[in-house]
Amino acid sequence: MQRLLLHLVLLASFVFLSRDVYAGITSSFVRSEFPSVDIPPNHPAFAVPKGHNAPQQVHITQGDYDGKAVIISWVTPDEPGSSHVQFGTSENKFQSSAQGTVSNYTFGEYKSGYIHHCLVEGLEHSTKYYYRIGSGDSSREFWFETPPKVGPDATYKFGIIGDLGQTFNSLSTLEHYIESEAQTVLFVGDLSYADRYQYTDVGLRWDTWARFVERSTAYQPWIWNTGNHEIEYFPYMGEVVPFKSYLQRYTTPYLASKSTSPLWYAIRRASAHIIVLSSYSPYVKYTPQYKWLSDELLRVDREKTPWLIVLMHVPLYNSNEAHFMEGESMRVVYESWFIKYKVDVIFAGHVHAYERSYRFSNVDYNITTGNRYPVADKSAPVYITVGDGGNQEGLASRFRDPQPEYSAFREASYGHSTLEIKNRTHAVYHWNRNDDGKKVATDSFVLHNQYWGNNRRRRKLKHFLLTVIDEVVSI
Ligand SMILES: *[C@@H]1O[C@H](CO)[C@@H](O)[C@H](O)[C@H]1NC(C)=O
Ligand SMILES: *[C@@H]1O[C@H](CO)[C@@H](O)[C@H](O)[C@H]1NC(C)=O
Ligand SMILES: *[C@@H]1O[C@H](CO)[C@@H](O)[C@H](O)[C@H]1NC(C)=O
Ligand SMILES: [Fe+2]
């Protein structure tokens, strides 16, 4: 009896006392970098494909809620040409076809090429498709693979890239990302940095960027999100409608998640439910985005998609001097929901560095209470900032000192991340600094699922032990 009691007390103290140690790391690593200047427009990285009116700037994204459709987009420079996509499951045999739409736009004096968007639907899961766009000698062929059917144990490898731009550092990030063999990019905003230019160069730099990323975007979906560099509010040249270039060029399957704006939406892919939020669209109570998010969170079914991932541009937890506190207004509005619905991980960009948090929250604080410090919270998401794609603005290397308790790891280098979902309980996360070899992950950890993972089991165990101790004590 006594031995049993001792045993139970030991076990219980293990469960109650074993805590993570909140000591963060500020990496002192200083990586040599390419100068933070854009690649010249005539560089081979932006090569124009051969042939009259050949399709260029090819990119694909998920086209529906569950991954049985893609939207294929491209630009023809000289004339509208065809918006037809031919596709099929074996090379050179295109049994099926779909018809898209074409449009163009002006931006100041700039006139865009002909922008095509084509929804290809009714696809099989886990299947490789080949597709052809353009006509005659100028036609081009690519391929993509559809994700597995949505289900709790579907494995999948996501890449996460933010604030990419079009410098030699951006090229390095892209090349390293492609080596990772991840299957879909979760992009956290700030695409081309074309807004750093003026007049017709703005449009031209959107074109170079889309040709630059085509090496990846033509072959796998990039799940798009906007950042401040997509706003493009330029009264000096009469362009004042936010997100104009972005919305013309990049489409999202927002209707499939009952959203009313391409800027916020959700998809389900393999075992993940991915929610994309717009940091630069209204999000406070009563706004469309707020209403939509409250409805979408109710649609999340962790029995089907154990992994709940949120993407936004501005980080809610950021201890860098750059953009410090900019995420605070959204944190006040949404943080309690992220905890209530047990979001696994929130990826953001904006800050040109890497930072990962422990599970912390600050929901007890409001303007009438004094608890104003973030506290460890097992129900909170992990916050990861990956605004380190390599754009022309350079690195954000001034971290606040001392490192706050919530900050687990931070380093100002360029890179990309991957999240490899193994099953419903485990996912392996890696942050990869650009000049490290493929096998050297600079920061990595195992993400335990918030719904299926350790916490739940631990709570059950704790409850069980309390019951047993109660019983033993009352004997
Ligand atoms: C291109 O834009 C012009 C002017 O906005 C318009 O007249 C024309 O129909 C457009 N062409 C296509 C193919 O959308
Ligand atoms: C403010 O904080 C107090 C104490 O935690 C809590 O009772 C109250 O509901 C909070 N108010 C709001 C509007 O969150
Ligand atoms: C889930 O994956 C992890 C890591 O690969 C493994 O240790 C664990 O046993 C797996 N769980 C199940 C239920 O397959
Ligand atoms: Fe940004």
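Residues numbered from 1 in each chain as written. Chains lettered and ligands numbered in written order. Predicted model: local features only at pLDDT ≥ 70, side-chain atom pairs only at ≥ 80, totals over all residues. Heavy atoms only, no water.

Under an unreviewed UniProt entry, the name given to the chain is Purple acid phosphatase, and the source organism is Medicago truncatula. For the chain, the Sequence similarities (unreviewed entry) comment in UniProt is given as "Belongs to the metallophosphoesterase superfamily. Purple acid phosphatase family." The Catalytic activity (unreviewed entry) comment attached to the chain in UniProt states, word for word, "a phosphate monoester + H2O = an alcohol + phosphate". (UniProt positions renumbered as here; feature names shortened; annotations may be inferred.)

### Description of unusual backbone geometry
Negative phi characterises most residues that are not glycine, and trans characterises most peptide bonds. Residue Asp401 is joined to Pro402 through a cis peptide bond whose omega torsion reads 0°. With respect to the helices, strands and loops of the structure, Pro402 is situated in the loop between β22 (382-386) and β23 (407-411). The residue Ser126 is not glycine, and still its phi comes out positive at about 45°. Structurally, Ser126 is set in the loop between β9 (114-120) and β10 (128-133). Positive phi values are uncommon outside glycine, yet Glu232 reaches one of about 50°. Relative to the helices and strands, Glu232 is located in the loop between β14 (222-223) and α4 (244-249). By relative accessible area, Glu232 is classed as buried at 3%. (Helix = DSSP H or I, 4+ residues; strand = E, 2+ residues; numbered from the N terminus. Buried < 20%, exposed > 50% of the residue type's maximum accessible area, 1.4 Å probe, protein only.)

### As for the coordination of the iron ion (ligand 4)
Ligation of the iron ion (ligand 4) by protein atoms is provided by Asp190 (OD), Asn228 (OD1), His313 (NE2) and His350 (ND1), these donors lying 2.1 to 2.2 Å from the ion. Coordination at the iron ion (ligand 4) comes from four donor atoms whose angles at the metal span 86 to 169°, giving a geometry best classed as irregular. As a motif over one chain, the donors of the iron ion (ligand 4) read D-x37-N-x84-H-x36-H. With a gap of 37 residues between them, His313 in the loop between β17 (307-311) and α6 (328-340) and His350 in the loop between β18 (345-348) and β19 (354-357) connect regions that are remote in the sequence. Accessibility classification places His313 together with His350 in one group, the buried group. (Donors = N, O, S within 2.8 Å, 3.2 Å for Na, K, Ca; no water. Tetrahedral: all angles 85-135°; square planar, octahedral: opposite > 155°, others 65-115°.)

### Here's the deal with the sheet that holds β22
If you walk across this open sheet you meet the eight strands as β1-β23-β19-β22-β18-β17-β16-β15, and the pairing is mixed. The open sheet is flanked by β1 (25-26) and β15 (265-269), the only strands paired with a single partner. As paired elements, β15 and strand β16 (residues 272-276) share five bridges and run antiparallel to each other. Bridge pairing links Ala266 to Ile275 in β16. (Pairing = 2+ DSSP bridges.)

### Notes on the pairing of strand β26 (residues 443-448)
Side chains Asp443, Phe445 and Leu447 project from β26 onto a buried face, and the interleaved Ser444, Val446 and His448 project onto a face without burial. Judged from the six bridges that link them, strand β25 (residues 426-433) and β26 form a sheet pairing that is antiparallel. Paired with Trp431 across the strands is Asp443, a residue of β26.

### Some thoughts on the site of ligand 3
Every residue lining ligand 3 is accounted for by Lys422, Asn423, Thr425 and His426. Here Asn423 contributes a side-chain N or O atom positioned 2.3 Å from an oxygen atom of ligand 3. By residue class, the composition of the shell around ligand 3 is no nonpolar, three polar and one charged. (Near = heavy atom within 4 Å. Polar contact = N/O pair within 3.5 Å; in protein donor to acceptor, adjacent residues only side chain to side chain. Nonpolar A, V, L, I, M, F, W, Y, C, P; charged D, E, K, R; others polar.)

### Let's talk about the sheet that holds strand β2 (residues 56-62)
The four strands are arranged β2-β3-β9-β6 in an open sheet whose pairing can be described as antiparallel. Of all strands in the sheet, those bounded by a partner on one side alone are β2 and β6 (101-103). On average, each strand axis in the sheet is tilted by 20° relative to the strand beside it, whichever way the strands run. Here β6 pairs with β9 via three bridges, running antiparallel. What sits directly across from Ser103, in β9, is Ile115. (Axes fitted to C-alpha atoms, helices over the stretch in contact; angles between N-to-C directions.)

### Quick word on α6
With 13 residues, α6 ought to run about 18 Å at 1.5 Å a step, and its terminal C-alpha atoms sit 18 Å apart, in line with that. Remark: the principal bend of α6, roughly 50°, maps to Tyr334. Within α6, the full set of buried residues consists of Met330, Arg331, Val333, Tyr334, Glu335, Trp337, Phe338 and Ile339. Here the buried face of α6 lies against α5 (288-299), β17, β18, β20 (360-361) and β22. Just downstream of α6, Lys342 is the residue with a positive phi angle, here 50°. (Expected span 1.5 Å × (residues − 1). Bend = angle between axes of the 7 residues up to and from the residue. Contact = heavy atoms within 4.5 Å.)

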